[in-house]
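Residue-level listing of the chains:
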Amino acid sequence: MLDLIIRGGTLATASDVFAADLGIRDGRIVQIGERLGAAVREVDASGRFVLPGGIDSHVHLSQPSGDGIVMADDFESGTRSALFGGNTCVLPFCLPQKGQPLREALKDYHALAEGRCYTDHSFHLILPEVNGAMIGQDLPALVADGYPSFKVFMTYEGLRLNDAEILQTLDFARRTGATVMVHCENEDAIRYLVDRAEAAGDLAPRFHASTRPVAVEREATHRALSLAEIVDTRIVIVHVSNEPAIAEIRAARARGVNVVGETCPQYLVLTAADLDGLDWEGAKFVCSPPPRDTASQVACWNGIETGVFDLFSSDHCPFRYDDPTGKLNPRAREGFRHIPNGIPGVETRLPILFSEGVMKGRIDLQRFVALSSTNHAKTYGLPTKGSIAVGMDADIAIWDPNETRPIRHAALHDAADYSPYEGLEITGWPTTVILGGTVMIENGVLTGKMGAGRYRRRQTAASPNRAGPV
């Protein structure tokens, strides 16, 4: 007797699309085929796509954001929103407080997540500094304990690392099989442009975009890739927004650099013009790198279609808009410098890619699965996730390709008070979501319980049977 059978759907992996039933027992996929027999429960997926649950590997939840600033989503609201967006696993960042040991910071984040998650989760570590003791003792122990990915910044005072520190981190990753994610923007250039804008009285949200132009991203991308080339290690370039940065990735790959590219929904459907809203409405779209222009949207779609990008993530970093702890905090109206950086999007990531990509013929269903799930699992060491195959976790999202409705924040499940994608018409929504064999959402209704999501320990790139992105 199986625990659950999903009948009548069209299954898809990163390589195949086929009609079959899916048999689940003890949280794992155990049978794929026809006439699977009896089960305690059945789900009818006729006329729908049965896909691996989404993995969003770039998410910020319950993260400290400065004096008086509070991130909108904690692990309860953030993972609930992720689940409704067809996701079964998220990878948030752990940001240590100044001087806080990394392991102590992880303990704090585990406490925030314990018993509150609707999806599985794991943690990336943000490295706001690098020193000999950290490289020689702390990080090796953390990698061995299942924390094999680190994010470093080339921007933000108090977070950015210099080139020598980035080289140390990349060389450590080369030796241990860890993965380094890099936020590529030139901080010195941004500071110069911000100071110049403020001196001229250019304080509105739109100047956030003009003080972070394409050139500061392109230069930093080139530098990060050159550093990875010097130490000969894999690197992940996150939230790429434009053609010159894409060209740097292509050129680096041609030189033999092992680079994983990531882009996000904001670079496909938003532009810098969205930051020019009246009465500070543009603050809703402030994120880094900022949205660019329509030519950059075309370039990012081309990167998705041609394989420059391996990952499609939300960079969900939510703040409430009309709130003194969020986008309109007391200092925000003094100038764009004080508007919290980040936008919500964990629930709308996959519907946007499905609607704008699959339903408009830009990508096929297999590419959607790779970008939304499979490549995240392979890049970050989740060997039982990201695909539909016997032995894999029974993490499933069932999609209705015919359901059409606009994005309305009132219908979403995060704790922000707006969506930057409000009104965007979407065709194709996840309607039933299954986590580890448990039906969590059925026909759009939450049926699972908070706490069903578990922490997942991850492997390094050097682990056996660890493949790269497809």
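Since this is a predicted model, take the numbers as computed values, not measurements.

Draft legend 1. Here's a closer look at the environment of R457. Within the secondary structure, R457 sits in the segment after strand 20 (445–446). With 320 residues separating them along the chain, R457 and Q137 place their C-alpha atoms 20 Å apart. Residues within four places of R457 in sequence aside, it is in contact with A144, D145, G146 and G381. Polar contacts involving the side chain of R457 include one to the main-chain carbonyl oxygen of A144, which spans 2.5 Å.

Draft legend 2. Expanded view of the sheet that holds strand 4 (residues 21–25). In space, the four strands of this open sheet follow the order 5-4-1-6, with mixed pairing throughout. Each edge of the open sheet is held by one strand with a lone partner, namely strand 5 (28–33) and strand 6 (39–44). Each adjacent strand pair in this sheet contributes to an overall mean axis angle of 20°, direction not counted.

Draft legend 3. Geometry of the sheet that holds strand 20. Spatially, 3-2-7-17-18-19-20 is the arrangement adopted by the seven strands of the open sheet, whose pairing is mixed. The sheet terminates laterally at strand 3 (17–19) and strand 20, the two strands that pair on one side only. Bridging between strand 7 (residues 49–52) and strand 17 (residues 396–406) involves four bridges; their strand directions are antiparallel. Opposite L51, over in strand 17, you have A397 as the bridge partner. Together, strand 7, strand 17 and strand 18 (425–435) form the strand contacts of helix 11 (residues 349–358), whose direction differs from that of strand 18 by roughly 130°.

Draft legend 4. Here's a closer look at the side chain of Q100. Note that Q100 resides in the loop between strand 9 (87–94) and helix 2 (102–113). A polar side-chain atom of Q100 sits 3.3 Å from a polar atom in the side chain of E104. Filtering out sequence-adjacent residues up to four positions away, Q100 remains in contact with A105 and D108.

Draft legend 5. Quick look at the pattern of salt bridges. By the definition in use, this model includes 40 salt bridges. We note a salt bridge from R362 to E356, for which the minimum N-O separation is 3.5 Å. Note on R362: relative accessible area 33%, which makes it partly exposed. Under the relative-accessibility criterion, E356 is labelled buried at 9%. In this structure, a network of salt bridges that share partners links the residues R28, D120, K385, D393, D395 and R456.

Draft legend 6. Fine view of the nonpolar core. If you look at the biggest cluster of nonpolar residues, it comprises 89 residues, and the most contacted ones within it are L139, I235, I237, I304 and F368. Sequence-distant contacts of L139, defined by excluding residues within four places in its chain, comprise L102, L127, M134, F150 and F172. With 27 residues, the next largest nonpolar core counts F285, V286, F336 and W429 among its residues.

Draft legend 7. Highlighting helix 3 (residues 132–144). Between its first and last C-alpha atoms helix 3 spans 18 Å; for 13 residues at 1.5 Å apiece the expected length is 18 Å, and the two agree. The principal kink in helix 3, of about 35°, is found at D138, preceding the proline P140 by one to four residues. Of the positions making up helix 3, those classed as buried are M134, I135, L139, L142 and V143. Considering only its buried residues, helix 3 is in contact with helix 2, strand 11 (124–126), strand 12 (149–153) and helix 4 (163–176). Where helix 3 starts, the residue carrying a side-chain oxygen 3.3 Å from the main-chain nitrogen of A133 turns out to be N131. One or two positions beyond helix 3, positive phi appears at G146, with a value near 100°.

Draft legend 8. Highlighting the pairing of strand 18. Among the 11 residues that make up strand 18, nine are buried, leaving the element largely enclosed by the rest of the structure. Summarising the sheet, strand 17 and strand 18 pair through eight bridges and their orientation is antiparallel. Counted as the bridge partner of W399 is P430 from strand 18. Judged from the three bridges that link them, strand 18 and strand 19 (residues 438–442) form a sheet pairing that is antiparallel. Among the inter-strand pairings, I434 is bridged to a residue of strand 19, identified as V439. Taking the residues that link successive antiparallel strands as the turn, the strand 18-strand 19 hairpin has two residues, and the phi of G436 there is positive, at about 55°.

Draft legend 9. Spatial organisation of the packing of aromatic side chains. What the rule picks out here adds up to 11 aromatic pairs. The interplanar angle of 55° and the centroid separation of 6.1 Å between the aromatic rings of F150 and F172 together place this pair among those described as tilted. Of this pair, F150 sits in strand 12 while F172 is found in helix 4, placing the two residues 22 residues apart along the sequence. Residue classification places F150 among the buried positions, given a relative accessible area of 0%. Take F172: its relative accessible area is 1%, and that puts it in the buried class. Ring geometry for F354 versus F368: centroids 5.4 Å apart, planes at 90°, classification edge-to-face. Note that F354 is positioned in helix 11 and F368 in helix 12 (residues 365–380), a separation of 14 residues in sequence. Neither residue differs from the other here; F354 and F368 are each classed as buried. Each member of the aromatic cluster is reached from another via a ring pair, and the members are F75, Y109, F123, Y147 and Y455. Above the face of the F93 ring, K151 is positioned so that its terminal group lies 4.6 Å from the ring centre.

Each value, and the rule that gives it
- Residues numbered from 1 in each chain as written.
- Predicted model: local features only at pLDDT ≥ 70, side-chain atom pairs only at ≥ 80, totals over all residues.
- Heavy atoms only, no water.
- Helix = DSSP H or I, 4+ residues; strand = E, 2+ residues; numbered from the N terminus.
- Contact = heavy atoms within 4.5 Å.
- Polar contact = N/O pair within 3.5 Å; in protein donor to acceptor, adjacent residues only side chain to side chain.
- Pairing = 2+ DSSP bridges.
- Axes fitted to C-alpha atoms, helices over the stretch in contact; angles between N-to-C directions.
- Salt bridge = Lys/Arg side-chain N within 4 Å of Asp/Glu carboxyl O.
- Buried < 20%, exposed > 50% of the residue type's maximum accessible area, 1.4 Å probe, protein only.
- Core = buried A, V, L, I, M, F, W, Y, C linked by side-chain atoms within 4.5 Å.
- Expected span 1.5 Å × (residues − 1).
- Bend = angle between axes of the 7 residues up to and from the residue.
- Phe/Tyr/Trp six-rings, centres within 6.5 Å; stacked < 30°, edge-to-face > 60°.
- Lys NZ or Arg CZ within 6 Å of the ring centre and 35° of its normal.

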